[in-house]
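What the coordinates show
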Amino acid sequence: MTGLDAARRRLAAERASAEARRAALRRDLDSIVDASSAGADDEHDPEGSSTAYDRQHVAALLGQAEDQLAAIDRAGQRLADGSYGRCQRCGRPIAAGRLAARPAAATCIACASAGGPRP
Ligand SMILES: [Zn+2]
């Protein structure tokens, strides 16, 4: 079961980097909100709407980071209950290469490309 050990290590590394990304994005979002609520942004923001755009953009990235953390946690639960590595849609094994690249993947390549939740 060394495959599972490798998966566990990859998931832990994925989780650490996703948490770091989420923390950085939260700081970014806070600083954007602070700057716009203080009204101090006018001087170096000639476009006016760029702050709102930045905020939406960072909020979207933050949402993605949180989704990824949730996916990593679900993958950790699948590791615990023995269903890790099996497609959550069709039940077939997920290719090892896909799991290496995306340890939190819940579906096989065929199901993911056949129109999963991602556009
Ligand atoms: Zn599948």
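For the structure itself, consult the block above.
This section reports on the structure supplied with the text. (Residues numbered from 1 in each chain as written. Predicted model: local features only at pLDDT ≥ 70, side-chain atom pairs only at ≥ 80, totals over all residues. Heavy atoms only, no water.)

**Comments concerning helix α2 (residues 50-81)**
How we decide: Every helix listed is a DSSP run of H or I at least four residues long, and every strand listed is a run of E at least two residues long, numbered separately from the N terminus. Residue count minus one, scaled by 1.5 Å, sets the expected span of a helix. The cut-offs for exposure are 20% and 50% of the maximum accessible area for each residue type, with area from a 1.4 Å probe on protein chains only; residues under the lower value are buried, those over the upper are exposed, and the others partly exposed.
For α2, which comprises 32 residues, the first-to-last C-alpha distance of 46 Å matches the rise-based estimate of 46 Å (1.5 Å per residue) to within 8%. Every buried residue belonging to α2 is among Thr-51, Val-58, Leu-62, Ala-65, Leu-69, Ala-71, Ile-72, Ala-75, Arg-78 and Leu-79, and all of these are buried. With its phi angle positive at about 90 degrees, Gly-82 sits one or two positions after the end of α2.

**Quick notes on the nonpolar core**
Heads up, the condition is: What makes a nonpolar core is a set of buried Ala, Val, Leu, Ile, Met, Phe, Trp, Tyr and Cys residues whose side-chain atoms join them at distances within 4.5 Å. The contact definition used throughout considers only heavy atoms, calling two residues in contact when any of these lie within 4.5 Å.
Of all hydrophobic cores here, the largest spans 16 residues; its most connected members are Leu-11, Tyr-84 and Ala-104. Secondary-structure elements contributing two or more residues to this core are α1 (2-38) and α2. Top element by residues in this core is α2. It accounts for 5 residues. Ignoring any residue separated from it by four or fewer positions in sequence, one finds Ala-104 in contact with Leu-11, Ala-71, Ile-72, Ala-75 and Arg-78. Core analysis: the second largest hydrophobic core is formed by 6 residues, Leu-29, Ile-32, Val-58 and Ala-65 among them.

**Comments concerning the pattern of salt bridges**
To keep it simple, the criterion reads: One side-chain nitrogen of Lys or Arg within 4 Å of one carboxyl oxygen of Asp or Glu is enough to make a salt bridge.
Following the criterion strictly, the structure yields 4 salt bridges and no others. Across the pair Arg-15 and Glu-19 runs a salt bridge, and its minimum N-O distance is 2.3 Å. Linking Arg-15 with Glu-19, this pair stays in helix α1, spanning 4 residues, or about one helical turn. With a relative accessible area of 25%, Arg-15 lands in the partly exposed category. The partly exposed category is assigned to Glu-19, whose relative accessible area is 33%. In this structure, Arg-15 and Asp-73 form a salt bridge, with 2.8 Å as the shortest nitrogen-oxygen distance. Note that Arg-15 is positioned in helix α1 and Asp-73 in helix α2, a separation of 58 residues in sequence. The network of salt bridges with common partners includes Arg-15, Glu-19 and Asp-73.

**Examining the coordination of the zinc ion**
Filter applied, for reference: Each metal site lists N, O and S donors within 2.8 Å (3.2 Å for Na, K and Ca). With water left out of the atoms, a site can look as if it is missing ligands. Think of it this way: with four donors and all angles in the 85 to 135 degree range, the site is tetrahedral; with four or six donors, opposite ones beyond 155 degrees and the rest between 65 and 115, it is square planar or octahedral; otherwise it is irregular.
Each protein donor to the zinc ion is listed here as Cys-87 (SG), Cys-90 (SG), Cys-108 (SG) and Cys-111 (SG); together their distances run 2.3 Å. Geometry at the zinc ion is tetrahedral, judged from its 4 donor atoms and the angles of 105 to 116 degrees they form at the metal. Sequence spacing of the donors to the zinc ion: C-x2-C-x17-C-x2-C. For the pair Cys-108 and Cys-111, a shared accessibility class is recorded, and that class is buried.

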